[in-house]
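# Structural characterization, general
Residues per chain, in single letters:
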Amino acid sequence: MKGIAVGIVLAIVGLIMWLTTKEVDTGVVSLHKAGLVLAIVGGAEALFALLGLGKKAKK
């Protein structure tokens, strides 16, 4: 259950970063692209946590 919550929070924060930091330019990394990566990782985390929960229910 904790993995699902972490994944959802990461996805929401990533989407907010992706949508709001398009014009922000740092010298090292683009916050726009980092937000997209964070959203993808958060979605994957939530999905894998849900799959793990489903496998536990089948046993």
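Structure shown above.
In this report, the structure presented in the accompanying data block is examined. (Residues numbered from 1 in each chain as written. Predicted model: local features only at pLDDT ≥ 70, side-chain atom pairs only at ≥ 80, totals over all residues. Heavy atoms only, no water.)

On a plain count of helices and strands, the protein chain comes out with 2 helices and 0 strands. The globule rule puts the C-alpha radius of gyration for 59 residues at 10 Å, and the 14 Å found for the protein chain is more than 25% above it. Across the 59 residues of the protein chain, 17% fall into the buried class. A sequence separation of at least 24 residues applies to 63% of the contacts in the protein chain between residues at least 6 apart. (Helix = DSSP H or I, 4+ residues; strand = E, 2+ residues; numbered from the N terminus. Rg over C-alpha atoms; globule rule 2.2 N^0.38 Å. Buried < 20%, exposed > 50% of the residue type's maximum accessible area, 1.4 Å probe, protein only. Contact = heavy atoms within 4.5 Å.)

Turning our eyes to something else, we now look at the side chain of Thr21. Along the chain, the position of Thr21 falls in the loop between helix H1 (2-20) and helix H2 (31-58). With sequence-adjacent residues up to four places away left out, Thr21 is seen in contact with Leu31 and His32.

Further remarks concern the environment of Asp25. Among the secondary structure elements, Asp25 is positioned in the loop between H1 and H2. Spatially, the C-alpha atom of Asp25 lies 46 Å from that of Ala57, the residues being 32 residues apart in sequence.

Quick look at the packing of H1 against H2 now. Viewed as axis vectors pointing N to C, H1 and H2 meet at an angle of 160°, and their least axial separation amounts to 7 Å. Regarding the angle of H1 to H2, the classification is roughly antiparallel. For H1 against H2, the interelement crossing comes out left-handed. Taken together, the residues that form the contact of H1 with H2 break down as 17 nonpolar, 7 polar and 1 charged. (Axes fitted to C-alpha atoms, helices over the stretch in contact; angles between N-to-C directions. Parallel < 35°, antiparallel > 145°, perpendicular 65-115°, else oblique. Left-handed = near helix turned anticlockwise from the far one by under 90°. Nonpolar A, V, L, I, M, F, W, Y, C, P; charged D, E, K, R; others polar.)

Our next topic: H1. One full turn of an α-helix is made of 3.6 residues, so residues set three or four places apart face in the same direction. Between its terminal C-alpha atoms H1 stretches 27 Å, which fits the 27 Å expected from 19 residues at 1.5 Å a residue. Buried residues along H1 sit against H2. (Expected span 1.5 Å × (residues − 1).)

This next bit is on H2. The end-to-end C-alpha distance of H2 is 41 Å, a good match for the 40 Å that 28 residues give at a rise of 1.5 Å each. Of all the positions in H2, only His32, Gly35, Ala39, Gly42 and Ala46 are classed as buried.

The topology assignment puts His32 in helix H2. On the basis of relative accessible area, His32 is assigned to the buried category, the value being 18%. There is a polar contact of 2.8 Å between the side chain of His32 and the backbone oxygen of Trp18. Discounting residues that sit within four places of it in the chain, His32 has contacts with Trp18, Thr21 and Lys22. (Polar contact = N/O pair within 3.5 Å; in protein donor to acceptor, adjacent residues only side chain to side chain.)

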